[in-house]
Amino acid sequence: IIYPSTLKALTEYCLKQSIIFRELKHIRTIGETLSTENRQAASTVFNAKVEDVYSSQEVGIIALECPLSGLYHVSAENLIVEVLNEHGEPCKSSETGRLVITDLHNFATPLIRYDIRDFAEVGPPCPCGRGSPTIKRIHGRERNLIMMPSGKKHWPLTGFMHFRDIAPIRQYQLIQETLEMIEVRLVTARALTADEEQKIGSVIQRALDYPFQLRFT
C-alpha cells in the first residue's frame, strides 16, 4: 500500500538498481491521483498488478477499482457520491464535475453534500454486474488546475517523466502566478546549468502545450 508519488520514486530507484521483488503480486495506491504513466511503469518494473483506491480522511473509502473493467465502484453502501457540473446539476456518463459526498453512517459529525474539491468523470454501468454507480477517472483537486490564457482550465501534464534524463532533479513544484507566468521550484542534487534549465523549460512548455514564461527558483 503506497502513495503514487512514493511508488514513482521507488519504481525509478528499483529500475536503476536492478532490484526485483519476485513475490510481489499486487500494489495498491492511495491518497493521490495515479497517472497512467506511473501505473504502467510500476506494473512493468515490478511485474505486479497496480490497483487504485479513492479515499479521503473525512469519509474513508469513496470508490474501489474494479478488477474487470478498471472503473471505480462507488461505496454506495456507505456514501452518496454526486458528480455535479458548474450549475450544480448531476453530470451524465463521460462528463466531468466536482464531487460532493454525503456520509450515511457518521452520526457524530454528519457530512451532508460535502464539497471535497475533487473533480471526477462519471463512468458507465460496469460490465461486472455489480450495479453500483461508477467513476471512470479521478482528475484531482481543484488547486491542481491550470488556467490557460484563453480562460480554459484543465489538469496539466508537466513532462516530469523526462526531468531526470536532463538533470539530477529530486523534487519539483509548478506555481501559476499569472495567465502567462509559471514559477518552477526545483530541488536538485546540484546547481543546474543554463543549458539544463533551458531544456527543462522546453519540456515543461511542450507538456503544457503553451509557451508560458518560466521563472526558475
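Coordinates for the structure precede this section.
All of these numbers come straight from a predicted model, not from anything done at the bench. Position labels on residues start from 1 in each chain and follow its written sequence. Reporting in this predicted model follows two pLDDT cut-offs: at least 70 for local features of residues, and 80 or more for side-chain atom pairs to be given and counted; totals over whole chains, interfaces and linings ignore these cut-offs and use all residues. Computation of side-chain values covers all heavy atoms of the structure but excludes hydrogens and water.

Quick look at the overall build of the chain
Runs of E in the DSSP output that reach at least two residues are strands. Runs of H or I that reach at least four are helices, and both are numbered from the N terminus. In terms of helices and strands, the chain carries four helices and 13 strands. Taken along the three principal axes of its C-alpha coordinates, the chain extends 55 × 50 × 35 Å. Per-residue accessibility, obtained with a 1.4 Å probe over protein chains only, is compared with the maximum for each type, and a residue is labelled buried under 20%, exposed over 50%, and partly exposed between these values. The buried share of the chain, reckoned over its 217 residues, is 36%. In what follows, a contact means two residues having at least one pair of non-hydrogen atoms within 4.5 Å. Considering only contacts in the chain between residues 6 or more positions apart, those separated by 24 or more positions represent 49%. We get accessible surface area from the Shrake-Rupley algorithm with a probe of 1.4 Å; when it comes to residues, only the shown protein chains can shield them. On the chain, roughly 13,400 Å² of surface is accessible, and the fraction owed to carbon and sulfur atoms is 52%. In this tally, Lys and Arg are treated as positive and Asp and Glu as negative; His is ignored, and so are the chain termini. Throughout, a charge is located at the NZ atom of Lys, the CZ atom of Arg, the CG atom of Asp or the CD atom of Glu. Placing the 25 positive and 26 negative side-chain charges of the chain at their respective mean positions leaves the two points 4 Å apart.

Here we look at the pattern of salt bridges
A side-chain nitrogen of Lys or Arg and a carboxyl oxygen of Asp or Glu constitute a salt bridge if their distance falls within 4 Å. Using the criterion set out here, one finds 12 salt bridges in the structure. Here E12 ties to R164 by a salt bridge, and the two come within 2.4 Å at their closest N and O atoms. Highlighted residues: E12 in helix α1 (residues 4-17) and R164 in helix α3 (residues 163-166), separated in sequence by 152 residues. You can call R164 partly exposed: its relative accessible area is 44%. In this structure, D195 engages K199 in a salt bridge whose closest nitrogen and oxygen atoms are separated by 3.3 Å. Linking D195 with K199, this pair stays in helix α4 (residues 194-208), spanning four residues, or about one helical turn.

Quick look at unusual backbone geometry
In the Ramachandran plot, S18 falls in the positive-phi region, its phi being about 55° despite a non-glycine side chain. Accessibility expressed as a relative area gives 63% for S18, which makes it exposed. Of note in the backbone geometry, D209 takes a positive phi value of approximately 60° without being a glycine. Structurally, the position occupied by D209 is in the loop between α4 and β13 (213-216).

Concerning the nonpolar core
For the purposes of this section, nonpolar cores are sets of buried Ala, Val, Leu, Ile, Met, Phe, Trp, Tyr and Cys residues that join through side-chain atoms within 4.5 Å. With 17 residues, the main nonpolar core has Y54, I62, V81, L99, I101 and I135 as its most contacted residues. Of all the elements in the fold, those that place two or more residues in this core are β3 (60-65), β4 (72-74), β5 (79-84), β6 (96-103), β7 (114-122) and β8 (134-141). Residue contacts for V81: discarding those within four places in its chain leaves I62, V74, L99, V100 and I101. If you look at the next biggest cluster of nonpolar residues, it comprises 15 residues, including I146, I182, L186 and F212.

Some thoughts on the sheet that holds β13
Strands sit in the order β11-β12-β13 across an open sheet of three strands; the sheet is mixed. Each edge of the open sheet carries a strand with a single partner, namely β11 (169-176) and β13. Each strand of the sheet is rotated relative to its neighbour by a mean of 25°, with strand direction disregarded. Bridge count between β11 and strand β12 (residues 181-188): seven bridges; the pairing is antiparallel. Among the inter-strand pairings, Q176 is bridged to a residue of β12, identified as I182. Lying on the sheet, α4 is in contact with β11, β12 and β13; it crosses β13 at an angle near 135°. By this definition, two strands are paired if DSSP reports at least two bridges between them. Helix axes are fitted only over the stretch in contact, all axes being lines through C-alpha atoms; the angle between N-to-C directions runs from 0 to 180 degrees.

Regarding the pairing of β8
The pairing of β4 with β8 spans two bridges and is antiparallel. Bridge pairing in β8 places H73 opposite T134. The pairing of β7 with β8 spans five bridges and is antiparallel. From the neighbouring strand, D118 faces β8, where its bridge partner is R141.

Some details on the sheet that holds β5
Spatial ordering of the open sheet is given by β1-β2-β3-β4-β8-β7-β6-β5, a layout of eight strands whose pairing is mixed. The open sheet has two edge strands with one neighbour each: β1 (26-29) and β5. Within this sheet the neighbouring strands show an average axis-to-axis angle of 45°, counted without direction. Bridge count for β5 against β6 is six bridges, and the pairing is antiparallel. Paired with V83 across the two strands is L99, which belongs to β6.

Remember, this is a structural readout, not a statement about activity or role.
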